[in-house]
Structure formats: structure tokens, C-alpha cells
Amino acid sequence: FFFFFFFFKQKTAYEIMPSLVGSEMCIRDRDIMDQGTNAKSTLMNQVVQLKLGYVGVKNRSQKDINDKMGVQSGLDIERSWFMNHPVYRSLPKDCYGTDTLTQKLSRIMYAHIRTSLPDIMKEIEDKLRSIEERLKDLGLPLPTTEGQKVQMLWAMINDFNNSFKNRITGKLDIKSMKQKMELTGGAKIKSNFFNLYKEYSAPEYRVSDNFQDKDIERAIILHEGDKLSGFPSIEVFYYLVQPEIEKLKEPAINCLLNVYYYLEELAHTILEKSFVRFPSVIPELMAAIQQILSEERDKAKYIVESIIDSEIGYMFTNDADYNGKRTDIIPKGDFSDKTVDSTKIYVKEMRARLDNYYRLVVRGVRDSVPKVIGSFLVRAAEDQMQLELTTRITQNEQINALLSEPLSVAEERKRLAETKEVLKKALKAIQRDPEYALSSP
């Protein structure tokens, strides 16, 4: 016969005694005992002490198995063998027997399962939520009548439009809650507005640094023409500042295009999620969205360019600080030193007037351009989106042909529904345990 004793610790027999042949949690009695010795001291946990101790069992031999000895007969023989053995019969009953081993292992497994149950429960619940969200995205099976199909499509367009608006306005949208913590929607659009002319608005920026003194002096001479010297023309100021204001046009257009491209990207992302079950409809709707955005972009672009052009074409300010300091014919200052060159004085004053006026222009344009883009592109696109998409779908005679659900979508819906039922049954089985029900939060 074979005699085994099991010990309950994460340690192999080889680690206890390298000369042994056996597997984890199992040592063969015949390999460690000489004639006339026994394993009583080991079973009593007196040799190598383990937290949960040892259990000795007597298994059927290969001959017993070959002779068709049943499991129950083997257990009866094992029990009789221990009870009549001259050494082992004096052992406590929790030190030997397959029944004892089964009970101990069951208690260990039960304790481990109960420790893991909260994590298992959470994992099942998370998986259920994920499946339910996906099933909601896939929607119900496709309707049969054309009228029902169109109504369903209108409802999906309405959901798309609401999600699009919610992402821009920052309203809580359950469908987008799992997005990464990065700027999206209206926050990303506003970041483009904040960065507009950021360099030109810095306190240390001076537009006059783009000119050398000789450039300003040359402009004075150039605009005197054949007129009497000593009377500087306002054209000098226009000549110097207008090209610098013209440079403001490119950053404004770039800001407009950045917002336009982002709105297009955002719409495409939401569209793919909203119409995942009808991929053939997405190109048709996306074409309509691009047309809407392009039209509103062009309108906004015209207004943005007009704002910059108005700053170039007509120069005026109501700013009290500028009008109080930079409108005197003779600039304020101490000019008692007759050696001071009058041209240098005028160049210095021209620099101050350029910097002050340009700063006012940047401040005004930096506020006006985002308002134009926000109103004539972002808000206008929001207002036009649902009406235009619905009209586009209604007028498309081929729309019913496009409302064909791919086989993969139907199969995924079926598979997810089956998985959902299995998880619900598992959750119900766990919650049926009264002890767990009392201990769970």
C-alpha cells in the first residue's frame, strides 16, 4: 500500500527534504521511513511544524485499482487500517483519514472563496454594467416596417445631437464618462481661444521692437514727400502699424480652423458611437455634418477677416489712457537740453504710440475673434445640426437600403445577451448565500 501525509503550507516536499520524490503537499511514507519506523511524530506536527499541520491517508494500491476496488471500499479499509494500527490508532482523529483531509481542504477552500467573494462580486457587477452599456449602444433588433425604421433613425439623430451639444457645453453625459481626463468638448475649444494672441498680449511684448530707429526715420522722410519739412504726417503711423495689425489675421484664421477641425472630429467620434449598428449610414450623415460645418466656418471666417480689416481700415479708440497720454501734438517731456535731436524725440514718441495702440487692438481682437467663432461657428453648427441631418435623411430615398444591420452586430447582441444572463445567475447565486448577504456592504 501507499501511505501519504499532507501538510498545509505553500512549500514543496523537495524544500523539506531534497532527497524525497513527491509533489507539492504530498510525501510518500515509503520513501522517508526505514523498516520499524513510523510517521507518528510528523503527523503530530512535531518534526517540521506547519500552521495547519498534517493529515495522513492510506490510498488504494495499483493492484487494488486493477482489482476494481471501489472508492467507498477503499475508504472503509483505510478507516479500519488506522483504527487497528498499533501506532496510528492512538492519534487524534483529525490527523488521519481521507474524510478528515476532505473536511480540512474544504474549509480552506471555503475560507479562500469567501475572502475573494467581494472582488468577484465587483468584477461581475462591472462586467454587467459594461455589457448593458454596450447593449444600449447596439440598441434593439432592427424594426421591420419602413416607418418604424425612420422613427428609430430620427431618435438616433436626436441622441447624437444631444451628445454633441453636451460635450460642447460641458453638461454631464453618461455615455462619455469613461473618457480620459483630458480637455475635450467646449473646454478644448476654449483652450484655443485662451491661446489666441497669447504672445502679443504678454506685458513685455513691444510691437515697436520690430522697427529700428532708421526704419521709423525713413518712414518720416518717405511720407513728407515734397511738402514742407517739420510737419510729420499721420501716414507715418499708419504705414508702420497697419502691416503689424495685418499679421493678426493669420492666427485668428488658424484658431477658427482648429475649432472647425475639432468640431468635425468630435462629430465623427460621436457619430460612430451613436450609429455603430448602422455603419453604412455614417458616411451619409458625416457628409451632411461636414457641409454644415463648412458653411458656418466660411461665414465665421468672413466676419473674423472683417474684424481685422476694420482695425486696419479705420483706426480709432475710446481708451481714456491712450487719449490722455498720446494725443498731444508736442509730446510731454523734458527737452531743455538743446542738443537733443528732434527726430529722435519723435521716433521715441512714435514707438510709444505704436506700442500703446497695438496693445489696444490686440486686446479688442483677442476678445472679438473668439466671440465670432463661438457664435457663428460653434453655436450655429449646434442649431443647424439636427434640422439639417433630419432633412438629409428624409430626402434620401435610399435611406431604407442603408438601414441594414451587419450580421456581426446581431451576433454580438446575442452573445452579450447570453453572457449577461450567465453573469446575472452567478450574481444571484452568490447573493443567495445568507452569510455573504450579511457581510457584504
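How each quantity is defined
Residues numbered from 1 in each chain as written. Predicted model: local features only at pLDDT ≥ 70, side-chain atom pairs only at ≥ 80, totals over all residues. Heavy atoms only, no water. 1 Å grid on protein atoms, 1.4 Å probe; cavity = no way out; pocket = protein on both sides within 12 Å on 5 of 7 lines; lining within 4 Å. Points joined across faces, edges and corners; volume = space filled by probe spheres on them. Nonpolar A, V, L, I, M, F, W, Y, C, P; charged D, E, K, R; others polar. Helix = DSSP H or I, 4+ residues; strand = E, 2+ residues; numbered from the N terminus. Buried < 20%, exposed > 50% of the residue type's maximum accessible area, 1.4 Å probe, protein only. Phe/Tyr/Trp six-rings, centres within 6.5 Å; stacked < 30°, edge-to-face > 60°. Core = buried A, V, L, I, M, F, W, Y, C linked by side-chain atoms within 4.5 Å. Contact = heavy atoms within 4.5 Å. pLDDT = per-residue confidence, 0-100.

1. Notes on empty space enclosed by the protein
Following the criterion strictly, the structure yields 1 cavity of 30 Å³ or more and no others. Each pocket or cavity is described by its volume, and for the largest cavity that value is around 50 Å³. Along the lines of polarity and charge, the residues of the lining of the largest cavity split into 5 nonpolar, no polar and 3 charged.

2. Regarding unusual backbone geometry
With phi around 65 degrees, Asn45 is a residue other than glycine that occupies positive phi space. Even without being glycine, Lys68 reaches a positive phi, approximately 65 degrees. With respect to the helices, strands and loops of the structure, Lys68 is situated in the loop between helix H4 (62-66) and helix H5 (71-84). With a relative accessible area of 74%, Lys68 lands in the exposed category.

3. Let's talk about the packing of aromatic side chains
Here the distance between the centres and the angle between the planes together describe a pair of aromatic rings. Tallied over the entire structure, the rule returns 13 aromatic pairs. Aromatic pair Tyr200 and Tyr205: ring centres 5.3 Å apart, planes at 50 degrees, arrangement tilted. Assessed through its relative accessible area of 18%, Tyr205 is described here as buried. Seen from their ring centres, Tyr200 and Tyr358 are 6.3 Å apart, and the 75 degrees between their planes marks the pair as edge-to-face.

4. A closer look at the nonpolar core
Ranked by internal contacts, the top residues of the largest apolar core, which has 70 residues, are Phe160, Ile245, Leu263, Phe275, Ile289 and Ile373. The set of elements that each furnish at least two residues to this core consists of helix H7 (146-169), helix H8 (185-195), helix H9 (213-224), helix H10 (234-246), helix H11 (249-274), helix H12 (282-313) and helix H14 (342-395). Per-element accounting of this core gives the leading share, 18 residues, to H14. Among residues more than four places away in sequence, those in contact with Ile289 are Phe160, Ala267, Leu271, Met385 and Leu389. In terms of nonpolar packing, the next biggest core, distinct from the first, is built from 12 residues, Leu117, Leu416, Leu427 and Ile430 among them.

5. Topic: the confidence of the model for the protein chain
Summarising the model, the protein chain shows a mean pLDDT of 80, and 80% of its residues fall at 70 or more. Within the model, the stretch residues 1-32 combines pLDDT values under 50 with 80 contacts to residues more than four positions away or in other chains. In the predicted structure, residues 437-441 sits below a pLDDT of 50 and forms 2 contacts with residues beyond four places in sequence or in another chain.

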